[in-house]
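# Coordinates in review
One letter stands for each residue in the lines below.
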Amino acid sequence: MNETVLEATALTRRFGTFTAVDALTLSVNAGEVFGLLGSNGAGKTTTIKMLTTLLPPSSGEARVAGFSITTQAVDVRRAIGYVPQAVSVDGSLTGYENLLIFAKLYDLPRGEQQTRIKEALEFMGLTADGGRLVNQYSGGMVRRLEIAQSTLHRPRVLFLDEPTVGLDPIARDAVWKHLVDLKTNYGTTLFLTTHYLEEAESHCDRIAIMHLGKIAALGTCKELETSLGDNHTLNDVFVHYAGSAPDAGGTFRDVSAERATAQRLG
Amino acid sequence: MSGSFIQPLAGFVEKTFVITEFEIRKLRHDFTELITRALQPALWLLIFGQVFARSGAMNTGNIPYLDFIAPGILAQSVLFVAIFYGINVIWERDLGIVQKFLVSPTPRAALVLGKGFSAGIRSLAQAAIVYGLSLLLGVKLNWSPLALLNVLLIVILAATLFATFSLVIACIVKTRERFMGVGQVLTMPLFFASNAIYPTAIMPDWLKIVSHLNPLTYVVDALRTSMLAGSTSSFGLNHDYAVILLTTTVLVLVGARLYPRLAS
């Protein structure tokens, strides 16, 4: 199981004179759960946007599922799924309709669409609610529907930007249960950003801590903890490499976007 | 034509209709918008139209004034439905919906044209309303199937044109506040610098030039020719169609180019 499914080489993104992501190099194995950690503004979202072809890099390169993000963007798009931090399903449609539109956009064969949608709803525990308008869903249900929508076409890599932000602990557990199932049943590689350290600790095979656009540390949680000596927690590791606890920092826009998401889901 | 050319084209057309379906399904769940949209053309025809028709101030040749402005008011209400369409995209951007569509393998031009086209479908309701009011007011309509088909096509194309224009603006300004400002600034000049409620013949020369550069003028001309019994076109129906189609194509291409900006 050591096939590389994502490989970034000196990936860089500048906005004017500000370097949001600075020569990021990392690789992720197939079937791995990889967590990108960092304070607000560390460059996590910019990294995900480049890897999902939403934002062209200023320099450097990355290959996702074997395709170049700069020259084979459409192939990359067919091979990945993406759950943005903000709500990405339409509240004025039913859960079923949200899935149907994406089944069509991803060219699922007409004969398979209905079975796939039914399976996806079942898999995410939403069978009873498929016919309801999404604006009547709870926050956890919305997130599960978004994951269903992003995985209808069985992507090799699923990117999730802060998948559990704004959810209560029970809903967070339910989302994680379904993500783990995805990985187990379909071998989907999960690449996610989070600033909940306990989630990184219990679910991620490996993590990278980003600070000021660079990777400050990379490894399993255990490795990073022991690298600091005995009796260190992941929080200590984070403070050591990122300079402060994960919820500090960020611009007005980061913070207001996050709160808006929390409010919509909550 | 080779298969390698037809396949992407078929894919493009198919995806365009999926995006349109997405928009139309939303409308199916909430009809209220269609009803509130009916109010504006009713006010223009029943109040403005009636009063100006009585005043006899406008020389509209052998066509009564009310007949003259009925197609103009249809064009206007199509413009108003379409021109604020970009606000939806900004809303979808503030959520994560635009990003989700952009990460899918859908051609960008299909995302743009699909949205524009759905404005066209919405605008058919405006056509029904204006026809209803026109009947009520005794406007002499042309009921030949060809004329009706032309009206249908022109309404859909015009809404697609202005909705795409609106999307282009949304991609540039990106925020709701700025968009509303720009939208307000554009709508009235487009409307008044056209032949919608008065003939271009009575305009000062500079305004005549502006009105000839305004796509709405050609929409109104095409609608007037097709809707009314015994009306003749100022530019020729083919010329009108050519201007509308060409403008739409250019706007779709520009929009496809700018659409990814919404994700950054």
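These numbers come from a predicted model, not from an experiment.

## Things to note about the overall build of chain A
- Within chain A, the secondary structure is distributed over ten helices and ten strands.
- Overall, chain A is about 55 × 40 × 40 Å in size when its C-alpha atoms are taken along their principal axes.
- Scored against the burial criterion, the 266 residues of chain A give a buried share of 48%.
- When contacts within chain A are restricted to residue pairs at least 6 apart in sequence, those whose partners lie at least 24 apart make up 70%.

## Some points on the interface of chain B and chain A
- Each partner contributes residues to the interface: chain B has 20 residues there, and chain A has 24 residues.
- At the level of elements, α1 (3-29) and α6 (97-103) of chain B are the ones that each hand at least two residues to the side of chain B that touches chain A.
- Here the side of chain B that touches chain A gets seven residues from one element, more than from any other, and that element is α1 of chain B.
- Of the residues belonging to the side of chain B that touches chain A, the class tally is eight nonpolar, six polar and six charged.

## Section: the sheet that holds strand β3 (residues 33-38) of chain A
Residue and element names in this part refer to chain A.
- The strand order across the open sheet built from six strands is β6-β7-β8-β3-β9-β10, with neighbouring strands paired in mixed fashion. The open sheet terminates on both sides in strands that have one partner only, identified here as β6 (80-83) and β10 (214-219). Neighbour to neighbour, the strand axes of the sheet diverge by 15° on average, direction disregarded.
- By the bridge criterion, five bridges tie strand β9 (residues 206-211) to β10 in an arrangement that is antiparallel. Across the sheet, Ile207 pairs through a bridge with Gly219, a residue of β10.

## Some thoughts on the packing of helix α4 (residues 65-83) of chain B against helix α11 (residues 215-227) of chain B
All names here are of chain B.
- Two elements in contact, α4 and α11, have axes separated by 8 Å at closest approach and are oriented at 135°. On the basis of the axis angle, α4 is oblique to α11. The two elements α4 and α11 meet at a crossing, and its hand is right-handed. Touching Ala70, Pro71, Gly72, Leu74, Ala75 and Leu79 of α4 are Leu216, Val219, Val220, Leu223, Arg224 and Met227, all from α11.
- Class assignment of the residues belonging to the contact of α4 with α11 gives a composition of ten nonpolar, one polar and one charged.

## With respect to the environment of Val182 of chain B
Residues and elements named next belong to chain B.
- Tracing the sequence through the fold places Val182 in helix α9 (residues 176-192).
- In this structure the C-alpha to C-alpha distance between Val182 and Ile172, which are ten residues apart in sequence, comes to 11 Å.
- Among residues more than four places away in sequence, those in contact with Val182 are Ile169 and Val173.

## A short note on helix α9 (residues 234-242) of chain A
Residue and element names in this part refer to chain A.
- Those residues of α9 not exposed but buried are Val237, Phe238, Tyr241 and Ala242. Angular distribution of buried residues about the axis of α9 spans 100°; they occupy a single face of the element.
- Taken from the residues just after α9, Gly243 is the one with a positive phi, measuring 85°.

## Digging into the nonpolar core
All names here are of chain B.
- If you look at the biggest cluster of nonpolar residues, it comprises 147 residues, and the most contacted ones within it are Ala75, Ala82, Ala158, Ala159 and Val219.
- Take this core: its biggest share by element is 16 residues, from helix α8 (residues 145-173).
- Setting aside its immediate chain neighbours within four residues, Val219 contacts Ala75, Ile154, Ala158 and Ile244.

## Quick notes on the confidence of the model for chain B
All names here are of chain B.
- Confidence in the prediction of chain B, expressed as mean pLDDT, is 92, and 99% of residues score 70 or more.
- The element-level mean pLDDT for chain B is lowest in helix α2 (residues 32-37), coming to 80, with helix α12 (residues 237-258) highest at 97.
- Two summary scores accompany this predicted model of the complex, namely pTM at 0.90 and ipTM at 0.89.

## Brief notes about α8 of chain B
- With 29 residues, α8 of chain B should reach 42 Å at 1.5 Å per residue; the first-to-last C-alpha distance of 42 Å fits that figure.
- Within two residues after α8 of chain B, Lys174 of chain B carries a phi angle of roughly 65°, on the positive side.

## So, the packing of α8 of chain B against α12 of chain B
Residues and elements named next belong to chain B.
- Two elements in contact, α8 and α12, have axes separated by 9 Å at closest approach and are oriented at 30°. Between α8 and α12, the angle is such that the two are roughly parallel. Seen along the crossing, α8 lies across α12 with a hand that is left-handed. Across the interface between the two elements, Leu157, Ala158, Thr160, Leu161, Thr164, Phe165, Leu167, Val168, Cys171 and Ile172 from α8 touch Ile244, Leu245, Thr247, Thr248, Leu251, Val252, Val254, Gly255 and Leu258 from α12.

About the criteria used
- Once a new chain begins, its residue numbering starts again from 1 and follows that chain's sequence as written.
- Each chain takes a letter, starting from A, and each ligand takes a number, starting from 1, following the order in which they are written.
- Only residues with pLDDT of 70 or above have their local features reported here, since the model is predicted, and side-chain atom pairs are shown and tallied only from 80 upward, although totals for entire chains, interfaces and linings are computed over all residues.
- Numbering of helices and strands runs from the N terminus, with a helix taken as a DSSP run of H or I at least four residues long and a strand as a DSSP run of E at least two residues long.
- Counting other C-beta atoms within 10 Å of a residue's own tells you its class, since 20 or more makes it buried, 12 or fewer makes it exposed, and anything in between is partly exposed; those C-beta atoms are placed from the backbone.
- By the criterion used throughout, residues are in contact when their C-beta atoms, derived from the backbone, lie within 7 Å.
- Residue type decides the class: Asp, Glu, Lys and Arg count as charged, Ala, Val, Leu, Ile, Met, Phe, Trp, Tyr, Cys and Pro as nonpolar, and the leftover types, Gly among them, as polar.
- Strands are labelled as partners when DSSP assigns at least two bridges between them.
- To obtain each axis, a line is fitted to C-alpha atoms, and for helices this fit is confined to the stretch in contact; angles are then taken between N-to-C directions over 0 to 180 degrees.
- Any angle between 65 and 115 degrees counts as roughly perpendicular, while under 35 counts as roughly parallel, over 145 as roughly antiparallel, and the rest as oblique.
- By definition, any crossing whose near helix is turned counterclockwise from its far helix by less than a right angle is left-handed, and any crossing with a clockwise turn is right-handed.
- To obtain the arc, one takes the directions from the helix axis to the C-beta atoms.
- Each nonpolar core reported here comprises buried Ala, Val, Leu, Ile, Met, Phe, Trp, Tyr and Cys residues connected via C-beta atoms within 7 Å.
- The score called pLDDT rates the predictor's confidence residue by residue, from a low of 0 to a high of 100.
- To estimate the expected span of a helix, count its residues, drop one, and scale the result by 1.5 Å.

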